[in-house]
Amino acid sequence: MPSQWKRQQIHIAGQWLSADSGRTLDVINPATGERIGTVPDAGAAETRRAIEAASQAFDESRALTGNERAVLLRHLHDLLLDNREALAELLTSEQGKPLAEARGEIGMSAAYILWFAEEARRVYGDIIPSPWRDRRVLVTKQPVGVVGAITPWNFPSSMLARKLGPALAAGCTVVAKPAPQTPFSGLAWGALCEAAGFPSGVVNIVTGSATEIGGELTSNPLVRKITFTGSTAVGKKLIQQASGTVKKVSMELGGNAPFLVFDDADIDRAVAGAIEGKFRNAGQTCVCVNRFYAQAPVYDQFVEKLAAAAAALKLGDGREPDVQQGPLIDSNALAKVESFVADAVQNGGRVVTGGRRHALGGTFYSPTVIADANAAMKLAREEIFGPVAPVFKFQTEDEAIRLANDTEFGLAAYFHTNDLGRVFRVSERLDYGIVGVNEGLVTTEVAPFGGFKQSGTGREGSKYGIEDYLEIKYVCVGGLGVVAPANQSEPHEANSDGK
């Protein structure tokens, strides 16, 4: 892979630097256990300098026209596609997902950047009809300022693309912290933005202590917005910390996605969607299916076909040809999956396939299907984040919707049916921000991505995605020399509260 994309230093104000302490963190390939490099173990001091660099660069960034920002973003898009293979190999080496999935992620990253390149030219305001003859009422939008972006390890490129794209399109500057398990994909964005021509300080990348870096981002008054993708528990903490300086926040948090299979569904299509929606990235995605619900008449058929399809998946090092599932990210993830399966079996679950570590060893875990799932199991309430598919049984449509909505999360939901009326009834009653009907993979840059309830706030992608990076300003222009008739009073004068 070209050395220019694998950077082992942090990026601040256009410079590549080590941590002040000289300490580093090892980066491990989860498929092999080998160390593939190190990154600086930076903290609050380095983050503060990155924030100051972003603040100083903000005036230049906000002064760029929408077209100038669009040109830079298009350059960035082209760099991503021109270097897709090298970036995908880098991603797979530190994250473990199959190379085909990594290529897809780089492609999706480029798609988000291109979408927001186009949106940079469409940050429209309004002229509101004035209630005064001698005044004009204008509404404009301007960039919020310095953005602190914190991203996870499961999609280390595309999660940053979703944040960098709208931030840069709006004219913001960014300090980003990638996950410690997958820092190289994050640091690559510093090199890519530099090569695309973004001014120094517009994009800064720091790696190291989550506590220190996150604490500085959320407390520093120069940072005007925090955007985070990760667990609900961490998101709540960041929201609390950011409240001290009343920052704007965007949170894409945990999920507990249901997948409903009605008795009129195309079972083969449902199984194909289930495999795609559950086992992609070894089940380590926020929109992965967590709970399968099959209606009683098709329950046994669905379980049998799902288990057969899961058992046929090829596991291995993501760099090997035809691999469909890689390893879990680390030993903690493996232990969590094992605990969920043990709890399910203890509570009456029946392992149809899998249920054990794979023969490859390390953090590889066999694709698992558990029948006779019930509400007593932990996996009915908590996010699995692994290749385990529990299948619950339901009788009626109302019961299915009640069970699907019985969670504090509300990110993504899926269901399969061939009844057109049911398509609309169920999709409207599911309390989720994203609903897939007869599809297991629905993410696209043109549609809003985000959840209800404790799955977060704000939307990424689509025409709505840039709004979280903008402030709305009302401007009243008076003294225009238009004289009102003598008998006309000022509007709202009688009931004005003086505010």
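Note: the structure precedes this text.
Residues numbered from 1 in each chain as written. Predicted model: local features only at pLDDT ≥ 70, side-chain atom pairs only at ≥ 80, totals over all residues. Heavy atoms only, no water.

Caption draft 1: Broad picture of the overall build of the protein chain. Within the protein chain, the secondary structure is distributed over 13 helices and 22 strands. Taking 499 residues into account, the globule formula puts the C-alpha radius of gyration at 23 Å, and the protein chain, at 25 Å, falls close to it. Referenced to the eigenvectors of the C-alpha coordinate spread, the extents of the protein chain come out at roughly 85 × 60 × 40 Å. By sequence separation, contacts in the protein chain at least 24 residues apart represent 73% of the contacts at least 6 residues apart. Here the protein chain displays about 20,200 Å² of accessible surface, and carbon together with sulfur accounts for 50% of that area. For the protein chain, the centre of its 50 positive side-chain charges and the centre of its 57 negative side-chain charges are spaced 3 Å apart. (Helix = DSSP H or I, 4+ residues; strand = E, 2+ residues; numbered from the N terminus. Rg over C-alpha atoms; globule rule 2.2 N^0.38 Å. Contact = heavy atoms within 4.5 Å. Areas by Shrake-Rupley, 256 points an atom, 1.4 Å probe, with all protein chains shown as cover. Lys, Arg positive; Asp, Glu negative; His and termini not counted. Charge placed at Lys NZ, Arg CZ, Asp CG, Glu CD.)

Caption draft 2: Summary view of the environment of alanine 375. As for its position among the elements, alanine 375 is in the loop between strand S15 (368–371) and strand S16 (388–394). Taking relative accessible area as the criterion, alanine 375 reaches 63% and is therefore assigned exposed. Here the alpha-carbon distance between alanine 375 and phenylalanine 392, two residues 17 residues apart in the chain, equals 8.7 Å. When residues no more than four places from it in sequence are discounted, the contact partners of alanine 375 are Ala380, Arg381 and Phe392. (Buried < 20%, exposed > 50% of the residue type's maximum accessible area, 1.4 Å probe, protein only.)

Caption draft 3: Seen up close, the sheet that holds strand S14 (residues 350–353). Pairing in this open sheet of 7 strands is mixed, and the strands run S14-S15-S16-S13-S12-S18-S19 from one edge to the other. Each edge of the sheet is formed by a strand with only one pairing partner; in this case those strands are S14 and strand S19 (434–437). Each adjacent strand pair in this sheet contributes to an overall mean axis angle of 25°, direction not counted. Here helix H10 (residues 299–311) sits on the sheet and contacts strand S12 (257–261), strand S13 (289–295), S14, S15 and S16; the angle it forms with S16, its principal contact strand, is near 175°. (Pairing = 2+ DSSP bridges. Axes fitted to C-alpha atoms, helices over the stretch in contact; angles between N-to-C directions.)

Caption draft 4: Expanded view of the packing of helix H2 (residues 66–82) against helix H6 (residues 183–196). Across the interface, H2 lies against H6 with an axial gap of 8 Å and an inter-helix angle of 125°. Comparing the axis directions of H2 and H6 gives the class oblique. For the pair H2 and H6, the sense of crossing is right-handed. Touching Leu72, His75, Leu76, Leu79 and Leu80 of H2 are Trp189, Leu192, Cys193, Ala195 and Ala196, all from H6. (Parallel < 35°, antiparallel > 145°, perpendicular 65-115°, else oblique. Left-handed = near helix turned anticlockwise from the far one by under 90°.)

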